[in-house]
Amino acid sequence: MDVTKNRPSIIVEHVQKTFLLRHAHSFKEAFISKIKKKKISSSFQALKDIDFTVNEGESVAILGYNGSGKSTLLKLISGVLEPDKGRILTRGRVAGLIEVGAGFHPDLSGRENVYLNAAILGMSKREIDERFDDIVAFSEIEEFIDSEVKHYSSGMFLRLAFSVAIHVELDILLVDEILSVGDAPFREKCRKKIRELVDEGKTMVVVSHDTGTVRDLCDRGIVIRKGEMVFDGPVEEAITALKGK
Amino acid sequence: MTATEPVDLTGFSVPGRGNGLFDVFRRRYLLRLLVRKGVSTRYRNSALGWGWSYVKPLTQYFIYYFVMGIVLGRNRGIDNFAVYLLAGIIMVNLFNEAFSNATKSIVDNKALVKKIYLPREMFPIAAVIVAFVHFLPQVAVLVVVSALTGWTPSLLELGAILFGALIVVLLASGLGLIFGAVNVSFRDAQNLVEIIRLFATWASPVLYSYVSIAAVMPDWLTRIYMMNPLTSAIELFHYGFWFSTSDGSLQPPPHLLQYSLIGLVIALVVTAIGQLVFRRFERRFAQDL
Ligand SMILES: Nc1ncnc2c1ncn2[C@@H]1O[C@H](COP(=O)(O)OP(=O)(O)O)[C@@H](O)[C@H]1O
Ligand SMILES: [Mg+2]
């Protein structure tokens, strides 16, 4: 392997994330709890001492059962959440296929939404202009691009949203369960597209329940159980480790 | 793989740590799209569209004109009261709109805030700009009405108008950042906003003149009243749009320039505090929403 490829892209150092579950959502409730000496919050530790490094060009799967903290980890890497302890460092542009379509507005047309969401994901006007045709072509909804998104079927909506997200200029791609939505042919198309990005040497962190997808896309697997990292190694062994215990 | 060999950290950054308001202006294109979205989707589903948003201020204007001006005789000593009132109301409406839009902006955009990292100051700032866009047609009406009553602006007057608008926009942005952030955890913060809005309308010279308030308040209180950034902004607007159309019997308040500069400084300080408060609360947005 050449030297530059060995430089890390993502460094996760002893990261801990605790959620404070607040029971008071207004000044009034907080005040009443204070008077009655009730606790206004309880805490839940979602991630404990997570520590790993992803090198440039590596493709890593995060495996674990529901509620084990996989999405939380991706949100920490994308910057949506901040760790309570430890630190995270990234190098290059991070893009997340975490929940596509979050910035879509039903009253705007498909075209307007493409521009708005691509800008939300960090693209400049010039970049969007350049890629607009590719985005629309990939989504296969050319004839509806100027109608309002509220008239789209959920399948059409997902295609467009996914297509925007996948065309963002990026160095690191975070993928959360996204390959389990949409119809089968489109899902396959998305997987191919992500595969292309892997082959181009993009750094990738993938969360998926589908072991087939994980085997196809990733070389390395990290298993998280109830917020603790229990395995880090070759993807095949990670899958066994997940199912084994 | 977890062995800690020292790595070269150049080029690395901490995700989710931006430069606050500076990032908003670095990402102007996104800001522009968010403003455009705010302008075009608001009222889209109501029959009159944007028209509706002017029905309320217009009604308010005529009620105030009738009750304050004619019934209570507040127009005595204020020549061309129609323009005087209009200039003040438009300014206060700008403040009220911008402030309450900004306060709601984070909660309104929770789908985005929870899922994608972007400089969150973007939302309150976009909300203030949308309010400013809403304000421009009202200014156009004011220009027409003033012109009909003999308004021929000089550079000084135009400067006063811009200065006044700047103070209001800054003040609303700062307060909007503070309350927008607090509103995420304490949803009843909006009640406080209502109270501040009420104060904005009544504790500034919109419906009466500064002379009548100075007549009933002790000196020190008048001085505080004059230091309210909204007071100087509204007096700047009066100076810009109304004074030259009046008979000159009500002069601009003494030391208006000094008070305006104080108002500007206060608005800037509020904006800086807003940024600090916002940053403190921001870390919890994604999990609290
Ligand atoms: N914003 C939040 N506030 C409180 N608890 C949360 C929040 N987000 C996630 N959690 C909790 O953290 C745990 C891990 O969640 P998540 O990362 O979504 O798991 P996974 O993606 O592996 O299914 C869950 O128990 C979930 O309830
Ligand atoms: Mg999940």
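Worth saying up front: this structure is predicted, and the values here are computed from it rather than measured.

The rules we used
Residues numbered from 1 in each chain as written. Chains lettered and ligands numbered in written order. Predicted model: local features only at pLDDT ≥ 70, side-chain atom pairs only at ≥ 80, totals over all residues. Heavy atoms only, no water. Helix = DSSP H or I, 4+ residues; strand = E, 2+ residues; numbered from the N terminus. Buried < 20%, exposed > 50% of the residue type's maximum accessible area, 1.4 Å probe, protein only. Domains from an automatic or database assignment. Contact = heavy atoms within 4.5 Å. Buried area = accessible area lost by both parts, 1.4 Å probe. Salt bridge = Lys/Arg side-chain N within 4 Å of Asp/Glu carboxyl O. Nonpolar A, V, L, I, M, F, W, Y, C, P; charged D, E, K, R; others polar. Core = buried A, V, L, I, M, F, W, Y, C linked by side-chain atoms within 4.5 Å. pLDDT = per-residue confidence, 0-100. Near = heavy atom within 4 Å. Polar contact = N/O pair within 3.5 Å; in protein donor to acceptor, adjacent residues only side chain to side chain. Areas by Shrake-Rupley, 256 points an atom, 1.4 Å probe, with all protein chains shown as cover. Phe/Tyr/Trp six-rings, centres within 6.5 Å; stacked < 30°, edge-to-face > 60°. Axes fitted to C-alpha atoms, helices over the stretch in contact; angles between N-to-C directions. Parallel < 35°, antiparallel > 145°, perpendicular 65-115°, else oblique. Left-handed = near helix turned anticlockwise from the far one by under 90°.

### Structural notes on unusual backbone geometry
Residues and elements named next belong to chain A.
For step 1, the next point in the chain: Of note in the backbone geometry, Asp-49 takes a positive phi value of approximately 45° without being a glycine.
For step 2, the next point in the chain: Looking at the element boundaries, Asp-49 is found in strand β2 (residues 41-55).
For step 3, the next point in the chain: Exposure remark for Asp-49: the relative accessible area of 45% places this residue in the partly exposed category.

### Looking at the domain arrangement of chain A
All names here are of chain A.
For step 1, the next point in the chain: Here chain A is partitioned into domain 1 (3-92 + 171-243) and domain 2 (106-166).
For step 2, the next point in the chain: Using only C-alpha atoms to locate each centre, domain 1 and domain 2 end up separated by 26 Å.
For step 3, the next point in the chain: If you look at the interface, domain 1 gives 11 residues, while domain 2 gives 7 residues.
For step 4, the next point in the chain: Around 850 Å² of area is buried between domain 1 and domain 2 when both sides are counted, 79% of it from carbon and sulfur atoms.
For step 5, the next point in the chain: Taken as a group, Phe-186, Lys-189 and Lys-193 account for 55% of the area that domain 1 buries against domain 2, more than any other trio of residues on that side.
For step 6, the next point in the chain: The partner of Glu-140 in a salt bridge is Lys-189, with the nearest N and O atoms 2.5 Å apart.
For step 7, the next point in the chain: The residue inventory of the side of domain 1 that touches domain 2, partitioned by class, reads 7 nonpolar, 1 polar and 3 charged.

### Some thoughts on the nonpolar core
For step 1, the next point in the chain: In terms of nonpolar packing, the biggest core is built from 77 residues, with Leu-97, Phe-162 and Leu-173 of chain A touching the most fellow members.
For step 2, the next point in the chain: The biggest single contributor to this core is helix α5 (residues 154-166) of chain A, with 7 residues.
For step 3, the next point in the chain: Domain assignment of the residues forming this core places at least three in each of domain 1 (3-92 + 171-243) and domain 2 (106-166) of chain A.
For step 4, the next point in the chain: Formed by 68 residues, the second largest nonpolar core is a distinct cluster that contains Met-68, Met-91, Phe-95 and Phe-243 of chain B.

### Some remarks on the confidence of the model for chain B
For step 1, the next point in the chain: Summing up the model confidence of chain B, the mean pLDDT is 90 and the portion of residues at 70 or higher is 95%.
For step 2, the next point in the chain: Across the interfaces of the predicted complex, the ipTM metric reaches 0.88, alongside a pTM of 0.91.

### Section: the site of ligand 1
For step 1, the next point in the chain: Near ligand 1 you find 13 residues, and of these Gly-67, Gly-69, Lys-70, Ser-71 and Thr-72 of chain A are the closest.
For step 2, the next point in the chain: Mapping the residues near ligand 1 onto chains gives chains A and B.
For step 3, the next point in the chain: A distance of 3.3 Å is found between an oxygen atom of ligand 1 and a backbone nitrogen or oxygen belonging to Ser-68 of chain A.
For step 4, the next point in the chain: Thr-72 of chain A has a polar side-chain atom sitting 2.5 Å from an oxygen atom of ligand 1.
For step 5, the next point in the chain: Bound to the protein, ligand 1 loses 68% of the 570 Å² it would expose on its own.
For step 6, the next point in the chain: Sorting the residues of the shell around ligand 1 by element identifies β1 (8-22), β2 and α2 (70-78) of chain A as the ones contributing at least two each.
For step 7, the next point in the chain: Ranked by residue count, the leading element in the shell around ligand 1 is α2 of chain A, at 3 residues.
For step 8, the next point in the chain: Counted by class, the shell around ligand 1 contains 5 nonpolar, 7 polar and 1 charged residues.

### Focus: the packing of aromatic side chains
Each pair of aromatic rings is reported with the distance of its centres and the angle of its planes.
For step 1, the next point in the chain: Using the criterion set out here, one finds 20 aromatic pairs over all chains in the structure.
For step 2, the next point in the chain: Judged by centre distance (6.1 Å) and plane angle (80°), the ring pair of Phe-162 of chain A and Phe-186 of chain A falls under edge-to-face. Of this pair, Phe-162 of chain A sits in helix α5 while Phe-186 of chain A sits in helix α6 (residues 184-199); the two residues are 24 residues apart in sequence, bridging distant segments of the chain. Considered together, Phe-162 of chain A and Phe-186 of chain A belong to a single accessibility category, that of buried residues.
For step 3, the next point in the chain: Consider the rings of Tyr-64 of chain B and Trp-202 of chain B, whose centres lie 6.2 Å apart with planes at 85°: the pair is edge-to-face. In this pair, Tyr-64 of chain B is assigned in helix α3 (residues 50-71) and Trp-202 of chain B in helix α8 (residues 189-202), connecting sequence segments 138 residues apart.

### With respect to the packing of helix α3 (residues 110-120) of chain A against helix α4 (residues 125-139) of chain A
Residues and elements named next belong to chain A.
For step 1, the next point in the chain: It is at 11 Å that the axes of α3 and α4 come closest, and there the two elements cross at 125°. The orientation of α3 relative to α4 falls into the category oblique. The two elements α3 and α4 cross, and the hand of that crossing is right-handed. Together, Arg-111, Val-114, Tyr-115, Ala-118 and Ala-119 of α3 and Ile-128, Asp-129, Phe-132 and Ile-135 of α4 make up the contact between the two elements.
For step 2, the next point in the chain: Counted by class, the contact of α3 with α4 contains 7 nonpolar, no polar and 2 charged residues.

### Focus on the side chain of Ser-208 of chain A
Residue and element names in this part refer to chain A.
For step 1, the next point in the chain: As for its placement among the helices and strands, Ser-208 is situated in the loop between β7 (203-207) and α7 (211-217).
For step 2, the next point in the chain: Look at Ser-208 and you get buried, because its relative accessible area is 12%.
For step 3, the next point in the chain: For Ser-208, the side chain forms a polar contact with the main-chain nitrogen of Asp-210, separated by 3.1 Å.
For step 4, the next point in the chain: The residues touching Ser-208, leaving out its near neighbours within four places in the chain, are Ile-62, Leu-63, Glu-177, Thr-213 and Val-214.

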